[in-house]
Amino acid sequence: MPFGNTHNNFKLNYKVEEEFPDLSKHNNHMAKILTKEIYGKLRDKQTPSGYTLDDVIQTGVDNPGHPFIMTVGCVAGDEESYEVFKDLLDPVISDRHGGYKPTDKHKTDLNFENLKGGDDLDPNYVLSSRVRTGRSIKGYTLPPHNSRGERRAIEKLAVEALTSLDGEFKGKYYPLKSMTDAEQEQLIADHFLFDKPVSPLLTCAGMARDWPDGRGIWHNDNKTFLVWVNEEDHLRVISMQKGGNMREVFRRFCVGLQKIEEIFKKHNHGFMWNEHLGYILTCPSNLGTGLRGGVHVKLPKLSTHPKFEEILTRLRLQKRGTGGVDTASVGGVFDISNADRLGSSEVQQVQLVVDGVKLMVEMEKKLEKGEAIDGMIPAQK
Amino acid sequence: MPFGNTHNKFKMNYSAEQEYPDLSQHNNHMAKVLTLELYSKLRDKETPSGFTLDDVIQTGVDNPGHPFIMTVGCVAGDEETYDVFKDLMDPVIEDRHGGYKPSDKHKTDLNAENLQGGDDLDPNYVLSSRVRTGRSIRGFCLPPHCSRGERRAIEQLSIEALDSLEGDLKGKYYALKNMTEEEQQQLIDDHFLFDKPVSPLLLASGMARDWPDARGIWHNDNKTFLVWVNEEDHLRVISMQKGGNMREVFTRFCTGLTKIEDLFKNRGHEFMWNEHLGYVLTCPSNLGTGLRAGVHVKLPNLSKHEKFGDILKRLRLQKRGTGGVDTAAVGGVFDISNADRLGFSEVELVQMVVDGVNLLVNMEKRLEGGEDIEDMMPEQK
């Protein structure tokens, strides 16, 4: 396993040409950026915890491409990865996040009051609303790299923090490894249960090691606020409910997140964040806000319109099937969410979703009546 | 040690209890042997190339058990693993190889003339005969740990050695990564092609990294002698043909192997071997001879006999389905092979297969004739 870096020094006995991966069949962000020169420059480096270049890129070497999406092809093993390997990660970030420059600053805004509207998306079309993000706990290495001891310490901290929540956030933790059959059935029925990753994008990065040790699910009694512990990130935080009241979902999201952050800070373990990259997460695609705010919405007519893709691009939105990433839509129902993560704030991204979905529902209604929507095509946001 | 192993040392910040894996649901050789005390003793060690205890056991932690077989649950990353981690490996080896002690010596005998008989297994029952083993090239790390540079060097050496074979061993190398469609189809039809491992037992140990870089298949023009390069071991060497002439299969096996070993030695590279463990391979289950000699044999009546399992045990044989390990028998045809690897020589193991299969076929004929086989029951070998 490339997790010990004695082997990294051992590998220096071989020339750059001998160690440089064959990326000729590859189509991911890492493969587009990583030249032999960059490989030669970075290959003897390591982060303080011992993460190396080959660790960063292993998932991208093992997975040449994906049929639906341009994958990132590299991951961070700790906070310092983004610094030590910036010669690779900065261009990847720029490529992935619309030209974001190494000098750019990212804005964090978790004040839900700054959101305009969002409480009245038409529930005849908008079936459910959801906002998710990830958080990494400072002082620990990330899922591709962390040891069992670290993962368990993260779980312990997370459980302490979450079980001290009250009011609408009062809830319970279910560790994956000691779940009863009944609890498992209920979590599946609620669509809360996450399973051991099967995607080779994730398993090749090493984040499924020691499964299910240190992994679990916490949710509030109301089943509207959910935290995944030690899946692809230290924490994944999800606020969701049926219908179109995205404002309420976002309010709960912001309030809950901030409560959790305070508790972690009291234990001297804040979240990984900096003013350039915002919230630091395992995958470079989730930097910045790490936020995906989305709805399941019925758009059977609009989705077959020739300008559907263009409309989405202009609104800075993306579509997925209702099973999430890597799935197809069923019955004209789409998962529509913000495309951006870095370079705009949480409020800005959720605003794009609220405004964009509102417009698309109006377009759907027009098309239902047999009318054209040419006058409604938006400008590029 | 001249090098540091940073993340292994980083983990030392956590106590042994915090890092010790949860093996409570596990059933493999590693889990039976690895106590907290043993974990604690070995966890700060590393081989010269940087393979650590957690590297050795990762596959066994990630794979609690297997429905058909008692898995080993640990692998070697280099030759020194068996020494640095002997406190774990010796008991695992003893458990797996019938009580083989740390002081025992293993006998190598690749002189096919020492085999008695074996050229006349009844082809009405014995459909095909095959002998395989593995070899590791001294001076390189093993598949769970080797870098791309090392793997490519192994491939290069192998091609040079195999290309210089002559006579009925003359053949050709097919690199996995630039095989043509026709070549691929032909290799599939010949049942020669190996694919990227899908078994989590193998994936969790890291041996599929960088697939298909530096992996390939070599076979002779006659299609009776085949070498896999950089799959689960550096080399897997296979001699096979239709029918029951195991003697010829074994003769070709010994001749070919000895020639290949000479060619490697001429280039300054021996095979990993010592007088205690014999040939050193990735999985402790393949130590000693690394040899599995077997036949596909029709035993529809005998296989239903209540004493079938017992007979096989007494003959020191094991059964598999005709798809190999982890498959079920189809149409009463079984893969019957030696169960042992270590503590017996190659000739001794193939002798057991030859004598044992002869007996099984005679038993099958008896049962076909409606007679019983009570007087044919063998002693425990």
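Residues numbered from 1 in each chain as written. Chains lettered and ligands numbered in written order. Predicted model: local features only at pLDDT ≥ 70, side-chain atom pairs only at ≥ 80, totals over all residues. Heavy atoms only, no water.

Participant: What should I look at first to understand the sheet that holds strand β10 (residues 333–338) of chain B in this one?
Facilitator: Sheets are built from strands that pair by backbone hydrogen bonding, the pairs being arranged parallel or antiparallel. All names here are of chain B. If you trace the eight strands from one edge of the open sheet to the other, you get β2-β3-β4-β5-β1-β8-β10-β9, paired in antiparallel fashion. If you trace the sheet from one side to the other, it starts and ends with β2 (171–175) and β9 (317–320), each paired once. With strand direction ignored, the average angle separating the axes of adjacent strands in the sheet is 20°. Across four bridges, strand β3 (residues 216–220) lies against strand β4 (residues 225–229) in antiparallel orientation. Along β4, the bridge assignment pairs Trp 218 with Val 227. Set on the sheet, helix α13 (residues 346–368) makes contact with β1 (126–135), β8 (292–298), β9 and β10; between it and β8 the angle comes to about 10°. (Pairing = 2+ DSSP bridges. Helix = DSSP H or I, 4+ residues; strand = E, 2+ residues; numbered from the N terminus. Axes fitted to C-alpha atoms, helices over the stretch in contact; angles between N-to-C directions. Contact = heavy atoms within 4.5 Å.)

Participant: Would you mind going over the packing of aromatic side chains with me for this structure?
Facilitator: Any pair of aromatic rings gets described here by the distance separating the centres and the angle formed by the planes. Per the counting criterion, the structure on display carries 15 aromatic pairs over all chains. Note on Phe308(A) and Phe334(A): the rings are 5.7 Å apart at their centroids and 70° apart in plane angle, and the pair reads as edge-to-face. Of this pair, Phe308(A) sits in helix α12 (residues 308–315) while Phe334(A) sits in strand β10 (residues 333–338), placing them 26 residues apart in sequence. Of the residues examined, Phe308(A) reaches a relative accessible area of 2% and is grouped as buried. It is Arg135(A) that lies over the ring of Tyr279(A); its NZ or CZ is 3.4 Å from the centre. Its guanidinium or amino end placed over the ring of Tyr279(B), Arg135(B) lies 3.4 Å from that ring's centre, counting from NZ or CZ. (Phe/Tyr/Trp six-rings, centres within 6.5 Å; stacked < 30°, edge-to-face > 60°. Buried < 20%, exposed > 50% of the residue type's maximum accessible area, 1.4 Å probe, protein only. Lys NZ or Arg CZ within 6 Å of the ring centre and 35° of its normal.)

Participant: Explain the sheet that holds strand β5 (residues 235–242) of chain A to me, please; I cannot follow it from the model alone.
Facilitator: Residue and element names in this part refer to chain A. Overall, antiparallel pairing links the eight strands, which are arranged β2-β3-β4-β5-β1-β8-β10-β9 in an open sheet. Edge positions in the sheet fall to β2 (171–175) and β9 (317–320), since each has one partner strand and no second. Adjacent strand axes in the sheet meet at a mean angle of 20°, parallel and antiparallel pairs treated alike. Where β9 lies against β10, four bridges are found, and the strand directions are antiparallel. Looking at the pairing, Leu 317 lines up with Asn 338 of β10. Strands in contact with α12 are β9 and β10; relative to β9, the strand with the most contacts, it is inclined by about 130°.

Participant: Could you clarify how one ought to interpret the packing of helix α8 (residues 148–163) of chain B against helix α11 (residues 246–266) of chain B in this entry?
Facilitator: Pairs of packed helices are described in terms of their axes, by the angle between the two and the distance that separates them. Residue and element names in this part refer to chain B. Running from N to C, α8 and α11 point in directions that differ by 120°, and their axes come no closer than 9 Å. Taken together, the axes of α8 and α11 lie oblique to each other. α8 and α11 meet at a crossing whose hand is right-handed. Where α8 abuts α11, its residues Leu 157, Ser 158, Ala 161 and Leu 162 lie against Ile 260, Leu 263 and Phe 264. Residue classes in the contact of α8 with α11 are distributed as six nonpolar, one polar and no charged. (Parallel < 35°, antiparallel > 145°, perpendicular 65-115°, else oblique. Left-handed = near helix turned anticlockwise from the far one by under 90°. Nonpolar A, V, L, I, M, F, W, Y, C, P; charged D, E, K, R; others polar.)

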